[in-house]
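# Structure at a glance
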Amino acid sequence: MDLRALRYFITVLEAGSLSRAAHSLYVAQPALTAQIKKLEAELGTQLLERSHAGVTPTPAGNQLYEDARRLLSDADAMCERLQRLPQGPEGSVTIAMPFLLTSLLMGPVIAGLRETHPRIHVFVLDDLSLMVQKAMLDRRADLGILVDTPSLQELQLAPLASEAIFFCGRDANGSVAPVLRPSQAAAGTAAASSYPCIDFADAAAQPLVLQSRRFAIRQAVENAAAQRQARLNIVHEHDSARVIRSLYHCGAGFTFTPACSLAEALPWRPQAPRAATDPQWIVAQVVNPSLQRHYHLAQHPGKAGDAAVQVVRHAVVQHARSLIDSGIWQARWLHEARP
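## A short note on the overall build of the protein chain
A count of helical and extended segments in the protein chain gives eleven helices and 13 strands. Projected onto the principal axes, the alpha-carbon positions of the protein chain cover approximately 110 × 45 × 35 Å. In the protein chain, buried positions account for 43% of the 339 residues. A separation of at least 24 residues holds for 74% of the contacts in the protein chain among residues at least 6 apart in sequence. Accessible surface for the protein chain amounts to roughly 17200 Å². Of this, 52% is attributable to carbon and sulfur atoms. Of the charged side chains in the protein chain, 32 are positive and 30 negative; the average position of the first set lies 2 Å away from that of the second.

## Considering unusual backbone geometry
Residues Asn-288 and Pro-289 are joined by a peptide bond in cis, for which omega reads 0°. Looking at the secondary structure, you find Pro-289 in the loop between strand E11 (281-287) and strand E12 (292-299). A positive phi angle is found at Asp-148, which is not glycine, with a value near 50°. Of note, Asp-148 is situated in the loop between strand E5 (143-147) and strand E6 (156-170). For Asp-148, a relative accessible area of 36% puts it in the partly exposed group. For Asn-288, which is not glycine, the phi torsion reads 55° and is therefore positive. Residue placement: Asn-288 occurs in the loop between E11 and E12. Residue Asn-288 is classed as partly exposed on the basis of its relative accessible area of 40%.

## Considering the pairing of E5
For E5, the tally of buried residues reaches five of five residues, placing the bulk of the element in the interior. Residues of E5 alternate between two faces, with Leu-143, Ile-145 and Val-147 on one and Gly-144 and Leu-146 on the opposite face, all of them buried. Taken together, the two bridges between strand E3 (residues 91-98) and E5 define a ladder with parallel strand orientation. Each residue of the ladder has a partner; that of Ala-96, found in E5, is Gly-144. The pairing of E5 with E12 spans five bridges and is classified as antiparallel. If you follow Ile-145 over to E12, its bridge partner there is Leu-297.

## So, empty space enclosed by the protein
Scanning the model with the defined rule gives three cavities of 30 Å³ or more in all. Roughly 320 Å³ of volume is contained in the largest cavity. If you trace the largest cavity, you find 23 residues lining it, with Leu-100, Gln-211, Ile-217, Ala-241 and Phe-256 closest to the centre. Residue assignment for the lining of the largest cavity shows that the elements contributing at least two residues are helix H5 (99-116), strand E8 (208-210), helix H8 (216-228), helix H9 (241-249) and strand E10 (254-258). Per-element tally for the lining of the largest cavity: the top contributor is H9, with five residues.

## Considerations on the environment of Val-27
Within the fold, Val-27 resides in the loop between helix H2 (18-25) and helix H3 (29-43). The partly exposed category is assigned to Val-27, whose relative accessible area is 24%. Excluding anything up to four places from it in sequence, Val-27 contacts Tyr-8, Ala-22 and Leu-32.

## Looking at helix H6 (residues 129-137)
Within the span of H6, buried status applies to Ser-129, Val-132, Ala-135 and Met-136. Taken end-on, H6 shows its buried residues confined to a sector of 115°, consistent with a single buried face. Next to the buried residues of H6 lie E3, strand E4 (120-127), E5, H8 and E12.

## Considerations on the pattern of salt bridges
On inspection of all chains with the given rule, the structure shows 13 salt bridges. In this structure, Asp-142 and Lys-303 form a salt bridge, with 3.2 Å as the shortest nitrogen-oxygen distance. You can see Asp-142 sitting in the loop between H6 and E5 and its partner Lys-303 sitting in the loop between E12 and helix H11 (307-326), a full 161 residues away along the chain. One network of salt bridges, with partners in common, ties together Arg-213, Arg-218, Glu-222 and Glu-237.

So, how was this worked out
- Residues numbered from 1 in each chain as written.
- Predicted model: local features only at pLDDT ≥ 70, side-chain atom pairs only at ≥ 80, totals over all residues.
- Heavy atoms only, no water.
- Helix = DSSP H or I, 4+ residues; strand = E, 2+ residues; numbered from the N terminus.
- Buried < 20%, exposed > 50% of the residue type's maximum accessible area, 1.4 Å probe, protein only.
- Contact = heavy atoms within 4.5 Å.
- Areas by Shrake-Rupley, 256 points an atom, 1.4 Å probe, with all protein chains shown as cover.
- Lys, Arg positive; Asp, Glu negative; His and termini not counted.
- Charge placed at Lys NZ, Arg CZ, Asp CG, Glu CD.
- Pairing = 2+ DSSP bridges.
- 1 Å grid on protein atoms, 1.4 Å probe; cavity = no way out; pocket = protein on both sides within 12 Å on 5 of 7 lines; lining within 4 Å.
- Points joined across faces, edges and corners; volume = space filled by probe spheres on them.
- Arc of directions from axis to C-beta.
- Salt bridge = Lys/Arg side-chain N within 4 Å of Asp/Glu carboxyl O.

Shown next, in the form of structure tokens:
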């Protein structure tokens, strides 16, 4: 017995005639008659009384009609339930990252996931590096990109990338241009940077706008200054990265900023780099020593089996790798981050 035979039987009984049923089912009447006879043979009982006026059900036929309708209704409901099951991972995933990385990574990642995994909803917490770490420890985020944090209790961390820290600002009085040198290969890469170089000692002597010592970039600058026994000429100190950005953009001083913040290189930003419209604008790779910033991808151990989290993790890693491999992000890819 199969479901098709039961559907045929119900149609015959409701049509009251084999010929009318055959017409509505788009099958030949002899084939339909053969199906009914096969069903009667399988059940070992007569189901229909045949006459010149048509067909009527026997008591067994009436019982089968009721049972078959329930059975076919259950089968249809089962198919509908299976078709409504999620196709692939679904759920909400929150990722925390430094806001300097957000514009570089997350637009293309979120747009891509919308196409490939529409049932996954991504939420981004972008903040200062200290707050990103806190968001992970407070379990307000499922994934996080941490700065200069190779290990942290309660979290699984994998190296993602390292990038150079650059010196930038508006050289209004022309004091920086004379100390710039030709570009050279960035740390960890074979290709030359697209920016000129500046010795750290020369950069430290310029008027600087920096965040406080609580922040990773300031700590890297302080360590380099101690290594070179150089004095930092700090004229403005603020915790707000947006205030720092506003200050060095208006010419109040120079700052140190990671490669990911050089937004002019982004292919989806068609405007010309600022250096092309402002000849006083300086971006230079810091050397002697070079300043590096390291990123680690963090997740909670309990999220390792969460399919949606792993899809987002994979998308972030793959997009970061494509930006680095193409040279858009002047960073060094760390292969240990592969999912």
